[in-house]
Amino acid sequence: MLDIRMIRERADEVRAGLAKRQKGDEVAVFRIVELDGERRQKLVESEELKSRRNMESKAIGILMKEGRKEDAESKKEWVRETNQRISELEKEIGEVEMEIRDLMLRMPNIPHESVPVGRSAEENPEVRRYGHPKVFEFQPRNHIELCEKLGLIDFKRASKLSGSGFLLYMGYGARLERALISFLIDLHVNEHGYMEVSPPFLVNRECMEGVGQFPKFQDQVYITQEGVDESTLGSLCLVPTAEAPVANIHREEILNLSDLPKRYCAYTPCFRAEAGAAGLGTRGMIRVHQFDKVEMINVVHPDEGYGLLEDMVRCAERVLEILGLHYRTIVLCTGDMGFGSAKTYDIEVWAPGQNQYLEVSSCSNCEDFQSRRMNMRFKDAEGKNRFPHILNGSGTALARLFVALVETHQQVDGSIVIPEALRSYMRMDVIPAS
RNA sequence: GGAGAGAUGGCAGAGUGGUCGAAUGCAGCGGUUUGCUAAAUCGCCGUACGGGUAACCGUACCGAGGGUUCGAAUCCCUCUCUCUCCGCCA
């Protein structure tokens, strides 16, 4: 959510910033400014009435004590009438405020000035590259073939259980998934200074609104129903990312300056409806309704937001480097950025069996967009309450990492060499061919 | 799921219809005193929104939302959460 005062005082700047996303978001600014003026005018009117009413009420109390009943009665009558007018005004103010709030909640963040302007994913510049696409002396298999051959994943039975877009890891496949989760958390905790947290996998609507998922993207999440009672429908949502619970840990709190930065790292499964998404229903692990992910969340002083964004991207890149995987890092252009982000880097890992790059991490600084929605603040050096920057980054998503890993480290016989760093977790060096 | 207790400022804890935005204590900030530390003493010490160049002023907030009343932290209703006990359960 943007600052209403900024919209009021620097409407042109806000409009120009939103226009860079090239989605037409800036048109709502006019309406908000107009409604905001209406709101303040009515607010002044009602507060003046309240002020006079409060004075009269006090006077009534004094008159009653003095026994001047008839004087009190006439004042009571006046207060009654005034209250009527106040409640009419308040109703109008409430309606205006609801409309403003709804518009504000649906308005995306303004891109940071360093973000390249562009319309779509084709215009995302590459900022870094590590290694090269691996050259094979044989025709590399894709992950579906490999996983079926080695019995790592049972695609067919997964869809029997849950429909398309779900995975059933078996044997060494399940072990590899679990090993990756442990490896990632240990790396971020031991070497990158994060605190491990294990959050709920179901969160309430306030959390979803806090991170910007609601109200605009409700159709992308699974909402629960408790029992068969319709009245309890939808109080909790399956997390689409650990960001949903973890970024909200300090919602409605005022943190001390010395509490910052908060650096959290969490594993959760991620549940996504993927309604209308391209690639949905295709076989494999690239786009699924449930996948595992280790997420990094930083709550930091605004002065440190962008420095920590670079740091966080490096943390995610290290994962791939340690696992011996080729990747490229891109910065998303204004037209391709997510709703709440002011600046986003994507990391794409090379999957030789697909002959394509797969997005395994997205690292964003949402600045104070989310903290404002959550009303999460900190006391700065002057003792003033301010909104911290909140950053989130995948470190990394697992299903696609799994794909890149098996496709990159496959041998001619189909066996898969386990990267050094994973061997202690796997308690093996090679996943055998059969 | 059943029964009970509770929710007040950073914390502790008063306050059961009328200058209560809220006593008091602790913590915090500033001053005085003191050889240092400590103690003592005085003052300040919530948040949000709005008005004003500003000093400042107004409004709202005692878990949330309604209601009664001229007036609610205080009375009534609903909800949420926390704690204790019982039941069920991984």
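One structure accompanies this document, and this report is about it. Computed from a prediction, not measured in an experiment: that's the story for all the values here. (Residues numbered from 1 in each chain as written. Chains lettered and ligands numbered in written order. Predicted model: local features only at pLDDT ≥ 70, side-chain atom pairs only at ≥ 80, totals over all residues. Heavy atoms only, no water.)

## A look at unusual backbone geometry
Line of reasoning, step 1. Cis geometry is adopted by the peptide bond preceding Pro215, which originates at Phe214 and carries an omega value of 0°.
Line of reasoning, step 2. Along the polypeptide, Pro215 turns up in the loop between α8 (205–211) and β4 (236–238).
Line of reasoning, step 3. Cis geometry is adopted by the peptide bond preceding Thr396, which originates at Gly395 and carries an omega value of 5°.
Line of reasoning, step 4. If you trace the backbone, Thr396 turns up in strand β13 (residues 389–397).
Line of reasoning, step 5. Residues other than glycine seldom take positive phi values, yet Asn375 does so here, at roughly 55°. (Helix = DSSP H or I, 4+ residues; strand = E, 2+ residues; numbered from the N terminus.)

## Some points on the protein's contact with RNA strand B
Line of reasoning, step 1. Around RNA strand B, a shell composed of 21 residues is seen, among which Arg8, Arg40, Ser57, Val79 and Arg80 lie nearest.
Line of reasoning, step 2. Within 4 Å of the protein, the contacting atoms of RNA strand B are drawn from sugar and phosphate to the extent of 74%.
Line of reasoning, step 3. Residue Arg80 places a side-chain N or O atom 2.6 Å away from a phosphate oxygen belonging to RNA strand B.
Line of reasoning, step 4. Within the side chain of Asn83, an N or O atom sits 3.0 Å from a phosphate oxygen of RNA strand B.
Line of reasoning, step 5. Going through the elements one at a time, α1 (4–9), α3 (27–66), α4 (69–105) and β11 (377–379) are the ones with two or more residues in the surface near RNA strand B.
Line of reasoning, step 6. Here the surface near RNA strand B gets 12 residues from one element, more than from any other, and that element is α3. (Near = heavy atom within 4 Å. Polar contact = N/O pair within 3.5 Å; in protein donor to acceptor, adjacent residues only side chain to side chain.)

## Let's talk about the sheet that holds strand β5 (residues 254–255)
Line of reasoning, step 1. Read across the sheet, three strands follow the order β5-β11-β12 without closing on themselves; strand pairing throughout is mixed. Each edge of the sheet is formed by a strand with only one pairing partner; in this case those strands are β5 and β12 (385–386).
Line of reasoning, step 2. Sheet topology note: the β5/β11 ladder contains two bridges and is parallel. Counted as the bridge partner of Ile254 is Arg377 from β11. (Pairing = 2+ DSSP bridges.)

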